[in-house]
Amino acid sequence: MTRNTILFDINETVLNLNLLKPKFAQAFGDESVTALWFSTLLHSSTVASLTGLKTGFAALAADILDNIAARKGINLSASDRDELLATFASLAAHDDIKPALTHLREQGYHTIAFSNSSLTLINKQIQNAGLTDYFDEVVSVEETGSFKPDPKVYKFVANHLGQPISSLRLVATHDWDTHGAMSAGMMAAYIDRSGAPYHPQYLKPAIEATNMKQVVEQIMKEDSVSK
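On a predicted model such as this, the values are computed, not experimentally measured, just so you know.

Each value, and the rule that gives it
- Residues numbered from 1 in each chain as written.
- Predicted model: local features only at pLDDT ≥ 70, side-chain atom pairs only at ≥ 80, totals over all residues.
- Heavy atoms only, no water.
- Axes fitted to C-alpha atoms, helices over the stretch in contact; angles between N-to-C directions.
- Helix = DSSP H or I, 4+ residues; strand = E, 2+ residues; numbered from the N terminus.
- Parallel < 35°, antiparallel > 145°, perpendicular 65-115°, else oblique.
- Contact = heavy atoms within 4.5 Å.
- Nonpolar A, V, L, I, M, F, W, Y, C, P; charged D, E, K, R; others polar.
- Pairing = 2+ DSSP bridges.
- Buried < 20%, exposed > 50% of the residue type's maximum accessible area, 1.4 Å probe, protein only.
- Right-handed = clockwise from strand over helix to strand, strands pointing away.
- Arc of directions from axis to C-beta.

## Some details on the packing of helix 1 (residues 21-28) against helix 2 (residues 33-51)
Step number 1: Remark: helix 1 packs on helix 2, axes separated minimally by 8 Å, with the N-to-C direction vectors making an angle of 100°. As far as their axial angle goes, helix 2 and helix 1 are roughly perpendicular. Here Lys21, Phe24 and Phe28 of helix 1 come into contact with helix 2, specifically with Val33, Thr34 and Trp37.
Step number 2: Residue composition of the contact of helix 1 with helix 2, grouped by class: 4 nonpolar, 1 polar and 1 charged.

## Some points on the sheet that holds strand 6 (residues 207-209)
Step number 1: Spatial strand order, 3-2-1-4-5-6: 6 strands in an open sheet with parallel pairing. Only two strands of the sheet have a single partner each, and these edge strands are strand 3 (137-140) and strand 6. Each neighbouring strand pair of the sheet contributes to a mean axis angle of 25°, computed without reference to strand direction.
Step number 2: Across 4 bridges, strand 2 (residues 110-115) lies against strand 3 in parallel orientation. Along strand 3, the bridge assignment pairs phenylalanine 114 with valine 139.
Step number 3: Packed onto the sheet, helix 7 (residues 151-161) meets strand 1 (5-8), strand 2, strand 3 and strand 4 (168-172) and runs at close to 145° relative to strand 3.

## Some remarks on the pairing of strand 5 (residues 187-191)
Remark: a regular strand shows side chains that alternate across the two faces of the sheet.
Step number 1: Burial runs high along strand 5: 5 of the 5 residues are buried.
Step number 2: Side chains of strand 5 alternate between two faces, with Met187, Ala189 and Ile191 and Ala188 and Tyr190 buried alike.
Step number 3: With helix 8 (residues 175-183) bridging strand 4 and its parallel neighbour strand 5, the resulting β-α-β unit is right-handed.
Step number 4: The sheet contact formed by strand 5 and strand 6 spans 3 bridges and is parallel. Residue alanine 189 lies in a different strand from strand 6, and its bridge partner there is isoleucine 207.

## Comments concerning helix 5 (residues 97-106)
Step number 1: Buried residues of helix 5: Ile97, Ala100, Leu101 and Leu104, and no others. One face of helix 5 carries all of its buried residues, which in axial projection span an arc of 95°. Pointing more than 90 degrees away from the buried face of helix 5 are the exposed residues Pro99 and Glu106.
Step number 2: A positive phi of about 90° marks glycine 108, the residue just after helix 5.

## Topic: helix 1
Step number 1: Among all positions of helix 1, only Phe24, Ala27 and Phe28 are buried. Here the buried residues of helix 1 occupy an arc of 80° about the axis, which is enough to place them on one side. Set apart from the buried face of helix 1 by more than 90 degrees, the exposed residues are Pro22 and Gln26.
Step number 2: Packing partners of the buried residues in helix 1 comprise helix 2, helix 3 (57-71) and helix 4 (78-88).
Step number 3: Just downstream of helix 1 lies glycine 29, where phi reads positive at about 75°.

Written as structure tokens, this is what we have:
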């Protein structure tokens, strides 16, 4: 089986969310709210998937900002909220991304950006991060009406790409995402961006590293063995 297509989660895996912290510190007086916002956003998207709630990732992101502000007793103005969301669309890539993607493409791999964000938002993020020439295609889950880690979104991207799901590999820094991909029949690789332990009850990929260069090297080594 040919393994020449690799999917990359975008938010946090490819793009550096730490760059949001100064904006959150300015709006909320506490940069740690960045992690609270993003984790609550992911929780809400999972609830939407399980209950069939039709919404978009950007709409959820805005609602969660308002919710957290209300809980903290902060008057978050519309301009403050818009600025936070605009920063989310303009994040820089982690330093290890461009060299790793370049190496993969030089070795004949196809690289796919695959995210819960809308296609419009992903394309904006990719463009603003200077990554347009580093991905062969950008795919959003929005057509499915659901979000990762719903099994149907992984099956959707396999059908979209016209490849067996077992031939695809997802690289992500979220253990729930790698677990979701593997549960659906996809391969995965985990990049540890946070230092937090991998969930012990989730399916865990054999490929794991703290930087994308090592992840890519392990992927190519495994793929060469499987040929």
